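A look at the structure
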Amino acid sequence: MEPQQGQGKPHLPPPSLWPIGFAIGIVCILVGLIVSWPAAAVGALVTVVFGFLWVRDVTGGYRHEDAGIEPADRGEAAMPEPAPGERFPRSVFLEGATLGLGSVIAGIVTVPILGFTIAPVFQHPHHDEIDLGPITNFKEGQFVITTFLRDPGEGEISRRTAYVRNNGFIDAKPSFTVLSNRCAHLGCPVQPNGPMFDKQKIEETTKTGDVSLIPTLPAGGFGCPCHGGQYDQEGNRTAGPPVRALDRYEFYIRNGRLAVGRTYSVSHVDGAGASAKIHKYKETGPGEHVDGPEQWFYPLQPPT
Amino acid sequence: MPSKRNRKEQMLAAAQYPLDWLEERSGLIGGLRYFLFRKVPGDSGWWHTLGSATLTAFLVQLGTGVILAMYYKPDPNSAYESVQHINNDVTLGWLVRGMHRWGASVFIILIFFHMARVFLFGAYKYPRELNWIVGVLLLPLALLEGFSGYLLPYDQTAYWATVVGININGTAPFLGPFLASFLRSGSEIGADTLSRFYSLHMLLLPGAILGLIGLHLYLVVRLGVSSPPWSSEAAGRDREQAPAVPGSGLVNPAPRGVTKRPD
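None of the values given here were measured: they were computed from a predicted structure.

**What about the overall build of chain A?**
- Regarding its fold elements, chain A presents 3 helices and 13 strands.
- Taking 2.2 N^0.38 as the reference for a compact globule, 304 residues should give roughly 19 Å; the C-alpha atoms of chain A span a radius of gyration of 39 Å, well beyond that estimate.
- Along the three orthogonal principal directions, the C-alpha set of chain A runs to about 110 × 65 × 35 Å.
- Put simply, chain A has 304 residues, and 25% of those count as buried.

Written out as structure tokens, the structure is:
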């Protein structure tokens, strides 16, 4: 038995069944609403009667009827109170066990949740080879605005755009320039500075989704609408805030069809067309330097 | 008329009884009185309402946001259409969405006004430094709410603004690329990005903001409202004189009762 705490008089109302009847009445109403109206009415009656009796009991003190019954004997404590500053070994053990077990449980619960949240950062995305259709669709020396599904399983949200130019042959192998349209400043889509020939649009349906091809003549290279970054036809930065050249896609020739794979970053390109010397780097995010002293700001990269 | 007076007293007592009943069992009435009936410096004025105004703006965001969540679909294929549906078809949807959209700006602007008031009045000083720090934690959470909410209409502006915003995060040295990857849920913006932003916007960030607002208010109530710099009153809760803290070099930190400043 706890000794009396605080200054108020002890509150020990006599045991009562009224709250239980009240609760049963409520349940009867709810069940009756679904099952049958008479049952609900009986429930309402039970609720009202028991509610009234309960309120009458509880407010007894207010109406000076009954201040409750004091137990005649509180009994004696089984154990002496500890002296001030002293602690029972069992209390120390219980405190340690509560904190320790609590930490273990919290850890067990938190680790998978955190892992689930940040796992995508460390997972290598799977990149299929994307089929862009027969290479005869790409006229030599002509840039083509090519949109395709980067990840056919994800659908339209993965639609990307590349500027593809057929450079003719080098050592009897076809050569292509496949520029990503992702601006190397902050990732907006760069646009060709020149006319687009919408009427010559070609729609191809390949096994990796719909591909659309629109020839263009980017005489002034490419420009970004967001912050004015400018690039030449090889993707080299010519003006504005970008920190490097446009990214490129790896390309493959498969049975006379053009396919693209992973992207890679490019610091700059010497020369042009089929004989261009591309300074390749692992793909990095927009706005990140791949050469020069600033590259040391980005020593680690999440997988792309 | 003694009988009439008696009756009035009886009725008052009857009205008081449920309150006493609640107070005895929960202490809520006393807690509410402690919260609401505080001593406030006599020359506090409209400037001191900016904090409550900010709280009101947040509650408006909370209420309208809950309703918008009943109609919004965080899926790349239907997000834009669901916002159009809210705007054009749902009864008063345009109003609720407008309140949420413009209210977001109001919330941020009020935060800065409130912050400026606290700074210029010197209300961040002892003993309210911790409350300033809680406010400093609330500010980026509110800005993140704005950033994560901006993507949700999923139109061209929303999409490219978010691309640029994430990539700005990505250019932070060392951990930036990982932060960007975390926000995108992968190396590219995809189907998971939108639902990730939605979850941040309506669960994680508001939860954190609510918790910190609770702490913020607790400290305001505990420490009392500061008086303006031109005031001749020291302000705050009446407190028992703190005993000198041994070894701290502090002998009786300044009493904070409503007393005349020694000018």
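After that view, the rundown keeps rolling.
**Notes on the domain arrangement of chain A**
- Along its sequence, chain A is organised into domain 1 (8-72), domain 2 (89-123) and domain 3 (130-288).
- Centre-to-centre separation of domain 1 of chain A and domain 3 of chain A, based on C-alpha positions: 78 Å.

**Structural notes on the interface of chain A and chain B**
- Contact residues are listed per partner, giving 21 residues for chain A and 22 residues for chain B.
- For the side of chain A that touches chain B, the per-class residue count stands at 13 nonpolar, 6 polar and 2 charged.

**Quick look at the nonpolar core**
- Within the largest apolar cluster, 38 residues are counted, with the highest numbers of intra-cluster contacts made by Val178(A) and Val260(A).
- Those elements that provide at least two residues to this core are β1 (130-134), β2 (143-149), β3 (159-170), β4 (173-180), β11 (248-254) and β12 (257-270) of chain A together with α7 (156-170) and α8 (176-184) of chain B.
- Val178(A) has contacts with Ala162(A), Val164(A), Arg248(A), Tyr249(A), Phe251(A) and Val260(A), leaving out every residue within four places of it along the chain.
- If you look at the next biggest cluster of nonpolar residues, it comprises 13 residues, including Ala79(B), Ile86(B), Phe197(B) and Met202(B).

**Some points on the packing of helix α3 (residues 50-69) of chain B against helix α5 (residues 93-120) of chain B**
All names here are of chain B.
- Here α3 crosses α5 at 155 degrees, and the two axes come no closer than 8 Å. Comparing the axis directions of α3 and α5 gives the class roughly antiparallel. For the pair α3 and α5, the sense of crossing is left-handed.
- Class assignment of the residues belonging to the contact of α3 with α5 gives a composition of 15 nonpolar, 8 polar and 2 charged.

**Looking at the sheet that holds strand β5 (residues 191-192) of chain A**
Residues and elements named next belong to chain A.
- The sheet built from 4 strands is open, its strands ordered β5-β8-β9-β10 with antiparallel pairing. Whereas interior strands pair on both sides, the edge strands pair on one side only; in this sheet they are β5 and β10 (237-239).
- Examined bridge by bridge, strand β8 (residues 222-223) and strand β9 (residues 230-231) share 2 bridges and lie antiparallel to one another. Looking across to β9, one finds that Phe222 is bridged to Tyr231.

**Describing α8(B)**
- Pro177(B), Ala180(B), Ser181(B), Leu183(B) and Arg184(B) are the residues of α8(B) that are buried. The arc that holds every buried residue of α8(B), seen down its axis, measures 160 degrees, which confines them to one face.
- Buried-residue contacts for α8(B) involve α3 (89-122) of chain A together with α7 and α9 (191-223) of chain B.
- Just beyond α8(B), the residue with positive phi is Ser185(B), at close to 60 degrees.

The rules we used
Residues numbered from 1 in each chain as written. Chains lettered and ligands numbered in written order. Predicted model: local features only at pLDDT ≥ 70, side-chain atom pairs only at ≥ 80, totals over all residues. Helix = DSSP H or I, 4+ residues; strand = E, 2+ residues; numbered from the N terminus. Rg over C-alpha atoms; globule rule 2.2 N^0.38 Å. Buried ≥ 20, exposed ≤ 12 C-beta atoms within 10 Å, placed from the backbone. Domains from an automatic or database assignment. Contact = placed C-beta atoms within 7 Å. Nonpolar A, V, L, I, M, F, W, Y, C, P; charged D, E, K, R; others polar. Core = buried A, V, L, I, M, F, W, Y, C linked by C-beta atoms within 7 Å. Axes fitted to C-alpha atoms, helices over the stretch in contact; angles between N-to-C directions. Parallel < 35°, antiparallel > 145°, perpendicular 65-115°, else oblique. Left-handed = near helix turned anticlockwise from the far one by under 90°. Pairing = 2+ DSSP bridges. Arc of directions from axis to C-beta.

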